[in-house]
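# Geometric and topological summary
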Amino acid sequence: HLGVQITTGSYIPREVDIGEAPHLIHHFDIRIHPQAKIGDRVGLMHEVTIASTMHRVGAPTIGNDVFIGPGAKIIGPVKIGDGAVIAPNSLVISNVPPKATAIGVPAKIRRVDLELKTGSTGKKNKANPADPQDPQAGKAGEDSPAHKVS
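Rules behind the numbers
Residues numbered from 1 in each chain as written. Predicted model: local features only at pLDDT ≥ 70, side-chain atom pairs only at ≥ 80, totals over all residues. Heavy atoms only, no water. Helix = DSSP H or I, 4+ residues; strand = E, 2+ residues; numbered from the N terminus. Buried < 20%, exposed > 50% of the residue type's maximum accessible area, 1.4 Å probe, protein only. Contact = heavy atoms within 4.5 Å. Areas by Shrake-Rupley, 256 points an atom, 1.4 Å probe, with all protein chains shown as cover. Pairing = 2+ DSSP bridges.

### Quick word on the overall build of the protein
On a plain count of helices and strands, the protein comes out with 1 helix and 16 strands. Within the protein, the proportion of its 150 residues that are buried is 37%. Considering only contacts in the protein between residues 6 or more positions apart, those separated by 24 or more positions represent 18%. Total accessible area on the protein is roughly 8900 Å²; 56% of this is exposed by carbon and sulfur atoms.

Structure, rendered in structure tokens:
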């Protein structure tokens, strides 16, 4: 335990409840509170902190299939929903819904379950903001009809 902390700068106590197949992408300087709960297939980049505070009792709960970008801080008794993305250098101090993207200091929800209806099939497809063929590309912000908050 001490050897890992010395060589990587990371502190992940054995008491942390971590699900199956965690993915420490760049394992340097990751700090996790002993009471934190981390789901299955969670990706953690370098310099991530998952911690409590002096003023709010409890540690974060991270759902399954969550990606946490480099430098992100998740503080206090917050819940991060399944499939959420925490952007780099964000400060999360409130709950993040499933499939949401949280970005900023403090983090704000910028995207939740974007769906676009397609032609005659009636099937829904996920929006691709970078697709130049997609007429809604780059328009999936809070004012767009494609933005659906659950």
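### Comments concerning the sheet that holds strand β3 (residues 31-32)
Strand pairing within a sheet occurs via backbone hydrogen bonds; the two strands may be parallel or antiparallel. Reading across the sheet, the 4 strands line up as β3-β6-β9-β12 and stay open at both edges, with parallel pairing between neighbours. Edge positions in the sheet fall to β3 and β12 (91-92), since each has one partner strand and no second. Where strand β6 (residues 49-51) lies against strand β9 (residues 73-75), 3 bridges are found, and the strand directions are parallel. The residue of β9 that forms the bridge with Thr-49 is Lys-73.

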